[in-house]
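Here are the chains, one letter per residue:
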Amino acid sequence: MTPNPCILIVEDDKKMIRVYATNLETEGYRVFEASSGQDAIEEVRTRNPDVVLLDLGLPDVDGLSLVPQIRSHTTAPIIVVSAREQEADKVKALDAGANDYLTKPFSVPELLARIRVGMRSRTHVGDTASTVVAFGHYTFDLEGRRLSRGKRPVHLSPTEFNLLATLARHADEIVTTNALLKEAWGSAYRLRGGYVRVYMHSLRRKIEDDPTRPKYLVNENGLGYRLRTSG
Amino acid sequence: MLVVTLTIEGLVNARKSHWLARGTGRLLASLAIVSAVTVVGIVGLGEHDDTNVALLYLFAIAAVSVWLGYLPSVLAALASALCLDYFFLPPYGSLALAGGREALTFAGMFATAVFISTLNERLRKQALAARASERRVVSLYRLARELAETASLDELCMRATAEVEVAGNLVACLLIRRGETFSHAVRSGGVVAIETEDLGAANWASTHLTPAGLGTGSCPGATACYVPLVASRGCVGVLSLRPRQRQEGTDPRPSSLVISMAQHIALAVERVLLSGEKQSAQIEVESERIRSAVLSSVSHDLRAPLAVIGAASSTLVEHGDRLPEPARAEMGRIINQEARRLNDLLKSLFDVTRLQSGRFRVSRQWESLEEIVGGVLRLIDERTAGHVLRANVPTDVPLLQVDATLIEQVLLNLVDNAFKHGRTDRAVEIDVGLRGGVAIISVVDHGRGIAPDEIGKVFEKFYRSAQAASGGLGLGLTIARGIVEAHGGRMWAKQTPGGGLTVQFQLPLSAAPPRLSRIERAAGISNQRSV
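A brief report on the enclosed structure follows.

Observations regarding the pairing of strand β8 (residues 146-149) of chain A
Residue and element names in this part refer to chain A.
Next, step 1: As defined by bridge partners, strand β7 (residues 138-141) adjoins β8 across four bridges and the pair is classed as antiparallel. Bridge pairing links Phe140 to Leu147 in β8.
Next, step 2: From the end of β7 to the start of β8, which pair antiparallel, there are four residues, and Arg145 there has a positive phi angle of about 50°.
Next, step 3: Bridge analysis of β8 against strand β9 (residues 152-154) gives three bridges, and the strand direction is antiparallel.

Below you can see the structure in the form of structure tokens.
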């Protein structure tokens, strides 16, 4: 029997840690805590957590600078938690290697959902067999470069395919606009977010029933996109 | 030879000094007139009609004194008396007088002539004085009017210097004093740099409150005369007066008219400075008043959800074990709801503070309205039950250069407001349309609407409609409008036909947004590379 998944909470508010821990322990996770940047690195090294929950507003160190440091020690998904005034930091954290984000105040179900997605993407890492991603009625075969709705194929332009493939490789995780541009177009197209929006528009028109209420190609305002495969 | 030299010298002198040329000319003219009268007397009246000749002389002298002035007329009187004596009084051809009657005629005519000249001279002086004082009154009146009409300091200084230049025929410049130094200088053409050349003289004038510089006892080497502008609270500045051309012999001291003008200007400058100070003091008082009103209103609004949270959580802590499960769940739900409400209130306060302090950073990107509206629909669906929101975004709406997070905030605020005031059985609609260079976004509700006279007020800070049911801070629409204006757009409200409120805003469309066709090639190239 494998031990319960382990979660490291990096947060300086002890009460908030109590609330997280109560919920996560009820769900069967093992919880470790760190209340400073230094503790965080130490805990990452010794505990080898499955998910890191990182609050960007730490007292001793800029949370943003912790992201690459933690990343250098572990491949575990990093979920950054930020207050509302740190919108810009979120994008930077994601581009620096964080996998997802939560904005305070958030609900417990939201937290648990993000952790589940993180855990799942971790099990997928290196799993070359999973080149087929299913969402709704759609099946997306990355190897065969095919998208089909039920039995019917859906035609995609090469760029549309690249975009969808990038999102599918990170299914249910947020992919920043910059990361999309880098993976789908090549790094020369950085900072040209308009292109992503234009192609998303046409992609949504092909995939979504109601493009203004997208079920699968979800835009996270100001941050990037998420391909939702469930719920 | 000597005569020629004298004449040439005279001409040169005449050219040098206008006044002298005019004076000599007048004296010569008066002698010419007397000669003419003598000739007329000899030819026309004969040698014995001394009485009529004397009258003729008197008339000529009167005319000379009117036209040519005092000195020429006195010269004419003297010349006439001599001519009368020589040509018309016996013994003829001699300056000697024959007897008492001749002496009386000679003396009477000379005295009368001088008397007429003196009278005329006095009259002319009075006329000149009247004209000068009229000019002075007109100048001062014009200055006073110009000064009264202007409220801004620099414009006032520009107009004042222009008036001084006209009145004094010189180049004027105003140095405004703030505290211990001159803050800036103004000419009739506008604000100029302070010249450091004569700063010593200007400082002397402003500290000693007496004119200094050119033509005065202190710092006479300066290129201009500096007249301090002394008002009730001391020196407000210095008026610099520079002659148009440096001339020998002219008086560089400021005329009394210019001094009077300086006094007027001093008072006007002080008035403008004082009104500026008063205004900022008033603004300070006003903003302090608003701040305290806001604080009391806000603290009430913030305390309400806190009170609910406190009561519900203490219920759980004190009686949790005795409460039936549904009641416990109810308490938990209430705490959750009120915490959210508190968060929303704080967020809008935070937004409005940022908007007001100008710290609202708009980071524009090419964004799709469809996505922004989609984000709003998702958030609303997640958190609002019982209300329906519909959206209509045409597929041909181009990308806009906006801050998506902020525009989403605008729409969320508008939709929240529509839900608060709308009816639950009628959907709230978001409509996007294009009209000549702008995108127009409308949020339409079919609720009770608001009174026509309230429509202009809905965007005011902390304004809450009289019919408003649920508590917000009355900041939602203020924030929304602030954000739209920061994007160079505008926002307005109107009645929805059939009842309800429609809030619309427009955002400018940018030139050449990215389109599918334009970038297809670029995409193709990178595609080949990556495949």
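A look at the packing of helix α11 (residues 404-421) of chain B against helix α12 (residues 476-486) of chain B
Residue and element names in this part refer to chain B.
Next, step 1: In contact at an axis separation of 9 Å, α11 and α12 are set at 150° when each is read in the N-to-C sense. On the basis of their axis angle, the class for α11 and α12 is roughly antiparallel. In terms of crossing hand, the pair formed by α11 and α12 is left-handed. Across the interface between the two elements, Leu406, Gln409, Val410, Asn413, Leu414, Asp416 and Asn417 of α11 pack against Gly476, Leu477, Ile479, Ala480, Ile483 and Val484 of α12.
Next, step 2: Looking at the contact of α11 with α12 residue by residue, the class counts come to eight nonpolar, four polar and one charged.

Digging into helix α5 (residues 100-149) of chain B
Note on helix geometry: an α-helix contains 3.6 residues per turn, so any two residues three or four positions apart are oriented the same way.
Next, step 1: Between its terminal C-alpha atoms α5(B) stretches 73 Å, which fits the 74 Å expected from 50 residues at 1.5 Å a residue.
Next, step 2: Buried residues of α5(B): B:Thr105, B:Phe106, B:Met109, B:Ala113, B:Ile116, B:Ser117, B:Asn120, B:Ser139, B:Leu143 and B:Leu147, and no others.

Details of the nonpolar core
Next, step 1: Grouped together as the largest cluster of nonpolar side chains are 101 residues, with contacts concentrated most on A:Val52, A:Leu53, A:Leu54, A:Leu164, B:Leu411 and B:Val415.
Next, step 2: Top contributing element to this core by residue count: α11(B), with nine residues.
Next, step 3: A:Leu53 has contacts with A:Ile7, A:Leu8, A:Ile9, A:Val10, A:Tyr20, A:Ile79 and A:Val81, leaving out every residue within four places of it along the chain.
Next, step 4: Counting residues in each nonpolar core, the second largest holds 41 residues, with B:Leu170, B:Leu175, B:Ala201 and B:Trp204 among its members.

Observations concerning the pairing of strand β8 (residues 389-392) of chain B
Side-chain direction in a regular strand flips from residue to residue, so the side chains alternate between the two faces of the sheet.
Residue and element names in this part refer to chain B.
Next, step 1: Going residue by residue along β8, you find Leu389 and Ala391 tucked away on one face and Arg390 and Asn392 left uncovered on the opposite face.
Next, step 2: Of the strand pairs in this sheet, β8 and strand β10 (residues 428-435) are connected by four bridges, and their pairing is parallel. Within β10, the position partnered with Arg390 by the bridge is Glu429.

Overview of the sheet that holds strand β12 (residues 224-227) of chain A
All names here are of chain A.
Next, step 1: With respect to topology, three strands assemble into an open sheet ordered β10-β12-β11, the strand pairing being antiparallel. Because the sheet does not close on itself, it has two edges, and the strands there are β10 (174-176) and β11 (217-220). Taken pair by pair, the neighbouring strands of this sheet meet at an average axis angle of 30°, ignoring direction.
Next, step 2: The pairing of β10 with β12 spans three bridges and is antiparallel. Bridging across to β12, Thr176 finds its partner in Gly224.
Next, step 3: In the packing of helix α7 (residues 177-185) onto the sheet, the strands contacted are β10 and β12, and the crossing angle to β10 comes to about 75°.

A short note on the sheet that holds β9(A)
All names here are of chain A.
Next, step 1: One open sheet accounts for four strands, arranged β6-β7-β8-β9; its pairing is antiparallel. Edge positions in the open sheet fall to β6 (132-135) and β9, since each of these has one partner strand only. For this sheet, the mean inter-axis angle between neighbouring strands, taken without regard to orientation, is 25°.

Examining helix α3 (residues 50-67) of chain B
All names here are of chain B.
Next, step 1: For α3, spanning 18 residues, the distance from its first C-alpha to its last is 26 Å, which sits close to the expected 26 Å at 1.5 Å a residue.
Next, step 2: Those residues of α3 that fall on the buried side of the exposure criterion are Asp50, Val53, Ala54, Tyr57, Ala60, Ile61, Val64 and Ser65. Each buried residue of α3 sits inside an arc of 135° when the element is viewed along its axis, so together they form one side. For α3, exposure combined with an orientation more than 90 degrees from the buried face picks out Thr51, Leu55 and Phe59.
Next, step 3: Two residues or fewer after α3 comes Gly69, characterised by a positive phi angle close to 105°.

Observations regarding the environment of B:Tyr57
All names here are of chain B.
Next, step 1: Topologically, Tyr57 is positioned in helix α3.
Next, step 2: Using a count of 27 C-beta atoms within 10 Å as the deciding quantity, one classes Tyr57 as buried.
Next, step 3: It is 8.5 Å that separates the C-alpha atoms of Tyr57 and Ala81, two residues lying 24 residues apart in sequence.

Cut-offs and rules
Residues numbered from 1 in each chain as written. Chains lettered and ligands numbered in written order. Predicted model: local features only at pLDDT ≥ 70, side-chain atom pairs only at ≥ 80, totals over all residues. Pairing = 2+ DSSP bridges. Helix = DSSP H or I, 4+ residues; strand = E, 2+ residues; numbered from the N terminus. Axes fitted to C-alpha atoms, helices over the stretch in contact; angles between N-to-C directions. Parallel < 35°, antiparallel > 145°, perpendicular 65-115°, else oblique. Left-handed = near helix turned anticlockwise from the far one by under 90°. Contact = placed C-beta atoms within 7 Å. Nonpolar A, V, L, I, M, F, W, Y, C, P; charged D, E, K, R; others polar. Expected span 1.5 Å × (residues − 1). Buried ≥ 20, exposed ≤ 12 C-beta atoms within 10 Å, placed from the backbone. Core = buried A, V, L, I, M, F, W, Y, C linked by C-beta atoms within 7 Å. Arc of directions from axis to C-beta.

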